[in-house]
Amino acid sequence: MSVIVKCDYRSSAPQPKSPEAVSRSSPCAGSVSLKRHRGVFMSFEPAITKAEAGDPSRYDLVIRRAHIFDGHKALEGLHDIAVKGGEIAAVSAEPLGGEHKQMVDASGKWIMPGLIDAHIHFYNVFAVSDPASMDAFEEHELPGRLDSFLQYGVTTIKSVGDPTSGILRTRARIASGELRGPRLLATGCGVTGREGHPASTIFSKNPWARARFAGEVGTVQEMRDLIHYLADMKVDAIKILSEGACACHSDEKYVWQIPGFLGPIELMRLPLDMLRAGIETSHERGLRATVHTTQQTVAREAVEAGADALEHGVMNELITDEALVQLMIDRDVMFVPTLWAHGAAHPELAANVKKVSDAGVGIALGTDTFSGKGTYGENTLEEAELMVAAGMSPLQSLVAGTSAAARQCVRPDIGMVAPGKRADLLLLGADPIADISNIRALKKVILNGEIVVERD
């Protein structure tokens, strides 16, 4: 299930306002800072200290004699990896001599980039229903969830539908070191039409959460205002949802339901002019626009409207539109499958993943992890395994969970083992290219150059 929630962008709390939009405010405005990369917003993190040129005599960390999957391919032979100031300073086929602050003998084990889960829902959508329950979640559940990701080797997560002020506050607390956890990127609330998913579905019986986890808009201007508000809040990307029947002409009814839990609920999808306005405004503000779709027709609308990626893509039916696949390739639109959450209920999804992967569409790992099912972090490993079960090779699955997911997150500084990249690394006891399940043979997790998980 895709659990996205409504944003409190019309809160009456006093907040700073942007000159570009009306009523763009939030209790946490100004609490986080931001960087730009090539015109695209990047989340706040402490600056990397560059290794001093010409002085490699004392690195912070040297990992000796490891096989390497670098995010794209396996390197030939054994290598040493040197880390300084939170980034990879060297990848050397020759042994790096000297004494260093910390040294790890890999003894022929495998190094790969930390895993990236590009589609998660972090806050407990079933438990959060008022300020007291939100505070209780942040105090009691949140730290354990963050640690769980690290325990399974997930060093970056992207939230695509959590309460805007809360998730950005959490992002800032991680960046400052107050909280220990993976790098957190966030879209804030999911942007949807009036009575759209998830406002009228997941949150149909939870009005307090609906008002904070999902941003419902009814006009083009409201869409633009909400995107500007989220950009002012310094989100890392925009998540727009379009699912349901078309209101513009006679169309079959579209019924959403989770048997035994919610529904059936008739849904109308986002009108095309509003979808276009959301994507265009995102791009005007330098933000990537990723669109939740489940139907082939709606996926085509989103791609033609300029979407940068599809969340779930097409899962309710087999993809038969070859022009859609080619359009995704031509426009470099990524596909985030979320097999972990939806593959069992929608077997068409696995077939579609294989089809678009074989065609050359970029695949980024994303689980749609949400409260009440599975384990945060382990779900990410299962997603990688499910991609292979769907017909992708272990190498393709590893790329999806590292360099391709980094591209989906617009983070060229992560997802690879190469000089100048962030030192987010996993030490594995076995070759993950030979068997994808070897990502479970975890020995060490390194985040920003620091060993944060260590096992015998």
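Since we're looking at a predicted model, the values are computed, not measured.

Describing the overall build of the protein chain
Of the regular secondary structure elements, the protein chain holds twelve helices and 21 strands. Here the protein chain holds 456 residues, and the buried ones make up 59% of them. The contacts in the protein chain between residues at least 6 apart in sequence include a share of 73% that link residues at least 24 apart. Carbon and sulfur atoms make up 51% of the accessible area of the protein chain, which totals about 16,800 Å².

Here we look at the sheet that holds strand β10 (residues 183-186)
Read from one edge of the open sheet, three strands run β8-β9-β10, paired in parallel fashion. A strand with exactly one partner marks an edge of an open sheet, and here the two such strands are β8 (115-120) and β10. Across the sheet, the mean angle separating the axes of adjacent strands is 20 degrees when strand polarity is ignored. Sheet topology places β8 next to strand β9 (residues 154-159); four bridges connect them, and they run parallel. Counted as the bridge partner of L115 is V154 from β9. Contacting β9 and β10, helix α2 (residues 164-176) crosses the sheet at an angle of about 155 degrees to β10.

Quick notes on the packing of aromatic side chains
Inspection of the entire model under this criterion finds eight aromatic pairs. Arranged with centres 6.2 Å apart and planes meeting at 70 degrees, the rings of F122 and Y123 form a pair that is edge-to-face. No difference in accessibility class separates F122 from Y123, as the two residues are buried. Centre to centre, the rings of Y123 and F137 are 4.8 Å apart; their planes meet at 40 degrees, and the pair counts as tilted. Of the two residues, Y123 is situated in the loop between β8 and α1 (131-151) and F137 in helix α1; the sequence distance between them amounts to 14 residues.

Structural notes on the pairing of strand β20 (residues 442-447)
If a strand is regular, its side chains alternate between the two faces of the sheet. Of all six residues in β20, five are buried, a share of seventy percent or more. With four bridges joining them, strand β19 (residues 425-428) and β20 adopt antiparallel strand pairing. What sits directly across from L425, in β20, is I446. If you look at the hairpin formed by β20 and strand β21 (residues 450-454), you'll find two residues sitting between the two strands, and N448 has a positive phi there, around 55 degrees.

Quick notes on the packing of helix α4 (residues 220-232) against helix α5 (residues 272-284)
When two helices pack together, their arrangement is given by the angle between their axes and by how far apart the axes lie. Look at α4 against α5: their axes get within 9 Å of each other, and the N-to-C directions meet at 30 degrees. Taken as axis vectors, α4 and α5 run roughly parallel relative to one another. The chirality of how α4 crosses α5 is right-handed. From α4, V220, M223, R224, I227 and H228 reach across to α5, where they touch D273, M274, A277, G278, E280, T281, S282 and E284.

The rules we used
- Residues numbered from 1 in each chain as written.
- Predicted model: local features only at pLDDT ≥ 70, side-chain atom pairs only at ≥ 80, totals over all residues.
- Heavy atoms only, no water.
- Helix = DSSP H or I, 4+ residues; strand = E, 2+ residues; numbered from the N terminus.
- Buried < 20%, exposed > 50% of the residue type's maximum accessible area, 1.4 Å probe, protein only.
- Contact = heavy atoms within 4.5 Å.
- Areas by Shrake-Rupley, 256 points an atom, 1.4 Å probe, with all protein chains shown as cover.
- Pairing = 2+ DSSP bridges.
- Axes fitted to C-alpha atoms, helices over the stretch in contact; angles between N-to-C directions.
- Phe/Tyr/Trp six-rings, centres within 6.5 Å; stacked < 30°, edge-to-face > 60°.
- Parallel < 35°, antiparallel > 145°, perpendicular 65-115°, else oblique.
- Left-handed = near helix turned anticlockwise from the far one by under 90°.

All quantities given are derived from atomic positions and should not be read as evidence of function.
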